[in-house]
Every structure is written in C-alpha cells, then in structure tokens.
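# Understanding the architecture of this molecule
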Amino acid sequence: MSSAVKTIALLSHFSPTRPEIGLSELCRLAGRDKASTHRYLQALEETGFVEQNPLTKSYRLGPVVLQLARTRELTVPRKAGADAVISRLADATGETTHVSVLSGSTVYPLASCESYKHSTRVIIDVLTFPLHATASGICALAFGPADLMTTAVADMPAFTVDTPTTSDALEREVQMARETGFGRSERGYEDDVCSLSTPIFDQTGHFAGAVSVASVATRFTAEQERDIQRHLIGASREISHNWGGKVPASVESVWSKSIAEQSSRESTS
C-alpha cells in the first residue's frame, strides 16, 4: 500500500458518530504507528482534508471535503436524481427508502427517506452496506461487476443468525436476485429489518447503485412484499433515467416474469 493510499485511508475512519479522532485513537483504528500516522495527518491538514480542533487537539474533517462533495454532486448529480423519487417511494410503501451507490468494491449510502406512516421505522445510519448481508449488497453482487463476489466472500461476518456466512449461501441469495430482479435481505443485517432492492444503471449502461425499501420485519408480509416490488421497479426506472441510464432489457424481462408469476399465484389462491 502506497503512502498516498495510507494517507487517504485515514479519512474513512471519520463518521457522524466519530466526528473527531485523537492521534492515539486513529493509530489504533488504522493499525499504524504514531510517527507515520502523524506524518499522514500533517499532509492531510496542509491540504485541508482534516483540521485540528483547537480546544481538544483532536482531528476532524476539513473544509476541502465540503468543496469536493459539492463538486461531485454538481458534476455527477446522483443525489439530486434520487431524492424526489425515494420520497414518493416512502409515501407509497409506508416504509423507509434509500439509495446506495457502488464505488470500487464498496456500496455507500447516498440518500434516505423515512415514512411517518408508522411510529416504528427503520433508520439508515450505516457508513457502508455489507455486500453479503444487505439487500443493496446482494443487488450489487447480482448486477454489478463479477469480481465483487471475490471481495464479498473474503469478509463475511455474521450480523444475525440469518446472515449468509458461506460462499454457497451467498451464491444462492445472489442467484435468486438475478432470477427475480430483486436483492433481498430478510433479517440478514438487523434482526428486525427486511429489505428489498432493485438495481440502478447510469449512462455507462452498467450497475451504478440500488434503490431499496427497508421494512420493520413484523410488518413484512407477502402482500406488502409484492406491493413494494412493484413500486421499486418504477423507482429504479426513474432514477436510472435521471442518472442518464436505462434499465437493461434483460432486467426488465426478469421483472416482468416475477410480476406475472406473482399475479398467477394470487389468482389461484
């Protein structure tokens, strides 16, 4: 790992729950010695990526990060193309909705919207979505780059008793997503949450992220699942369009088959 990568990697340890980090704690989090960590921090401070709190002497993200975030959204308007869609999706489903983006081999949260239909609802407060344990991650594995699976199986911690923790179990989940067009996690990341996701595609024609609905598990019935799936299809199409892309015919075909099979089961039940 180059010095540049080690330096930038320090930024990943900052979060809403850990906005300021002291030198000793950052050494522990990064697994690096104090001398090299301090040297990397000095480089980040000189370029505005971090700054020191004059009272606590701890480090926090610097103003350059804000500038880069604004530039990113102006030039690649992902959030602007998703906010209104997930707001309508939350209203339609009565559950929390969110959009994630794939960068490299990591799935990051982009935007979320809570429905106030219920007093108990899912809160999206993660820094990244584990590939093997979340609907967004399963969606990325099913429709994203093939080498993501290698990354996923290399690190598969058990978050709940229902988390897939073997390559065979994960492959079954991914294959189901490919066959139905929906990533699915039923209590795989949190005991009381069931989620469904559909893929989003950008102007490159490739998988760019996922739009998801996260439901409190006790409300997640078969009827609700069918309703969420129908709304997710529309949301995926709209966000893909807003991002300059289009849902591939192969995915549209899988969705059509899934909905037809659902309708057939409903008519015979």
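Everything discussed here concerns the structure shown above.
Each residue is numbered by its place in its chain's sequence as written, counting from 1. In keeping with the predicted nature of the model, local features appear solely for residues at pLDDT of at least 70, side-chain atom pairs appear and are counted solely at 80 or more, and the whole-chain, interface and lining totals rest on all residues. Processing note: side-chain calculations cover all non-hydrogen atoms of the structure and skip hydrogens and water entirely.

### Some details on the overall build of the protein
Worth spelling out the cut-off: Each helix is a run of H or I in the DSSP string that is no shorter than four residues. Each strand is a run of E no shorter than two, and both are numbered from the N terminus. Between the two quantities, the radius of gyration covers C-alpha atoms and the globule rule is 2.2 Å times the number of residues to the power 0.38. Contact between two residues is taken to exist if any of their heavy atoms lie within 4.5 Å; hydrogens are not considered.
Counting its secondary structure elements, the protein contains 10 helices and seven strands. Over its C-alpha atoms the protein spans a radius of gyration of 20 Å, differing by no more than 12% from the 18 Å that the globule rule assigns to 269 residues. Expressed along its principal axes, the backbone C-alpha trace of the protein runs to roughly 70 × 40 × 40 Å. At a minimum sequence separation of 6, the contacts of the protein that also span at least 24 residues come to 57%.

### Some details on a negative patch on the surface
Threshold: Within the patch definition used here, like charges are joined within 9 Å and nonpolar side chains (Val, Leu, Ile, Met, Phe, Trp, Tyr) within 5 Å, considering only residues with over 30% relative accessible area and no salt bridge. Computed with a 1.4 Å probe, the accessible areas rest on the Shrake-Rupley method; for each residue, only the protein chains presented here act as cover. By definition here, a salt bridge exists when the distance from a side-chain nitrogen of Lys or Arg to a carboxyl oxygen of Asp or Glu is within 4 Å. Only four residue types enter the charge count, namely Lys and Arg as positive and Asp and Glu as negative; His and the chain termini do not. Charge positions come from single atoms, namely NZ of Lys, CZ of Arg, CG of Asp or CD of Glu.
On the surface, a cluster of negative charge is made up of Asp125, Asp162, Glu190, Asp191 and Asp192. With respect to the secondary-structure elements, Asp162 resides in the loop between α7 (148–153) and α8 (167–180).

### Side note on unusual backbone geometry
Basically, it comes down to this: For every residue, the accessible area obtained with a 1.4 Å probe (protein chains only) is divided by the maximum for its type, and the residue is called buried under 20%, exposed over 50%, and partly exposed between those limits.
At Lys57, a position not held by glycine, the phi torsion is positive, near 70°. Note on Lys57: relative accessible area 53%, which makes it exposed. For Arg187, which is not glycine, the phi torsion reads 65° and is therefore positive. Along the chain, the position of Arg187 falls in the loop between β5 (183–186) and β6 (193–201).

### Quick notes on the sheet that holds β5
For clarity, the threshold we go by: Two strands are counted as paired when DSSP detects at least two bridges linking them. Axes, fitted as lines to C-alpha atoms, cover a helix only where it is in contact. Angles between the N-to-C directions of the axes lie from 0 to 180 degrees.
As summarised here, the arrangement of the five strands in space is β4-β3-β7-β6-β5, forming an open sheet in which the pairing is antiparallel. The outermost strands of the open sheet, each flanked by one partner alone, are β4 (106–113) and β5. Neighbour to neighbour, the strand axes of the sheet diverge by 25° on average, direction disregarded. For strand β3 (residues 96–103) and β4, the ladder comprises seven bridges, and the chain directions are antiparallel. The residue bridging Ser103 from the neighbouring strand is Thr106, located in β4. Against the sheet, helix α9 (residues 222–242) engages β3, β5, β6 and β7 (207–216), with an angle of about 30° to β6.

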